[in-house]
Amino acid sequence: MEKFLKKLQEIHGKFSQENHTEQSPIPTIKLPLIPILFNAYFIFFDNVKKFLLLGAVFAILLSIIALSSGQLYMCKYPDFYGYCNNNSLVYGIVHLLNFFLITVFASRWYHYCFLQQKLSYTFIFRLTKHDMKVFGAALFFFALNLLPLISLYLLYVRVPNPDWRIEITYFAVVSVGFIVPFILMRFYSFPAFILAGEKLPSIKEVWAKTSGNTFRIIVSVSLLVLISGMVLLSVYSNFKLVAAENTFYINTMVQLIYELVYFAIVMFWVNYFYTQKIYLFEKVNDNGK
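Cut-offs applied
Residues numbered from 1 in each chain as written. Predicted model: local features only at pLDDT ≥ 70, side-chain atom pairs only at ≥ 80, totals over all residues. Heavy atoms only, no water. Helix = DSSP H or I, 4+ residues; strand = E, 2+ residues; numbered from the N terminus. Contact = heavy atoms within 4.5 Å. Buried < 20%, exposed > 50% of the residue type's maximum accessible area, 1.4 Å probe, protein only.

S.K.: Go over the environment of Val235 with me, naming the residues and quoting the values.
M.R.: Position of Val235 among the secondary structure elements: in helix α12 (residues 214-239). Expressed as a C-alpha distance, the spacing of Val235 and Val261, which sit 26 residues apart in the sequence, is 8.4 Å. With near-sequence residues (within four places) excluded, Val235 lies in contact with Tyr73, Tyr77, Tyr258 and Val261.

Okay, here's the thing in structure tokens:
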């Protein structure tokens, strides 16, 4: 575990503006249960208009890309017989571009909602170095969360070794990937710092402040994953009813609604990152820290 944290510290230094050392004991923060569970949704209810304004712009943009490239959401359904482009290169390029625009939306939402940035054409569409930094960090976090799938694949395709010591060592090393997402949950304040363009705290500081909060963090993240999954499943089930309809109007409306729902899920995650950040580093907590 210590080696893993040390490695994360080295990677973390690339995103920090400067190194800083702790000169006093790091206090442990008790995360309040209700805010850590529900604040991501409360923020949305308090800022519905802001989300609809910003989300609509990006939903339209991604819908145009999907319609022009043949990468419609409706292509997921076997009953749909509209235009779908199955070219692997096009699929990869479009989805990488979509991922980049999602990170741009996340950055714009953070500044618009939490830093009171005024909405303007320049604010929305002008790309900066900060956007590339956010994109790189998002790719890194996404890759780390995929490690369990890689571990599962490696365990599935392995050929058992007759030497039990080698077999146990291999299993132990590969299985580390399964616990990485749970470790990352304690560092979900990092994306908020990156989105805000602020200096990252040290890994040691975040680890100390989140000590004793692992259960609350896991429950809150699990709730967010559950809600995200249920929303996407609901969208899939409802749009399946019109999959056989091949009209430009229906295809366009379905794509717009899907993109808006997807951005809502992204917004919930950004709100959650922000919640961890403010309760760990800004707000006075239940324990007075």
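S.K.: So, unusual backbone geometry: which residues are in play, and what are the values?
M.R.: One non-glycine residue, Gln116, lies in the positive phi region at around 60°. Position of Gln116 among the secondary structure elements: in the loop between α4 (88-113) and α5 (121-125). Among the residues examined, Gln116 registers a relative accessible area of 54% and is labelled exposed.

S.K.: Residue-level account of the side chain of Asp131, with values.
M.R.: With respect to the element layout, Asp131 can be found in helix α6 (residues 129-145). What makes Asp131 buried here is its relative accessible area of 2%. With near-sequence residues (within four places) excluded, Asp131 lies in contact with Phe100, Val104, Ser107, Arg108 and Arg126.

S.K.: Could you give an account of the side chain of Asn98, naming the residues involved and the relevant values?
M.R.: Its location among the elements puts Asn98 in helix α4. The contact partners of Asn98, leaving out residues within four places of it in the chain, are Leu62 and Ile65.

Spatial relationships are all this shows, so hold off on functional conclusions.
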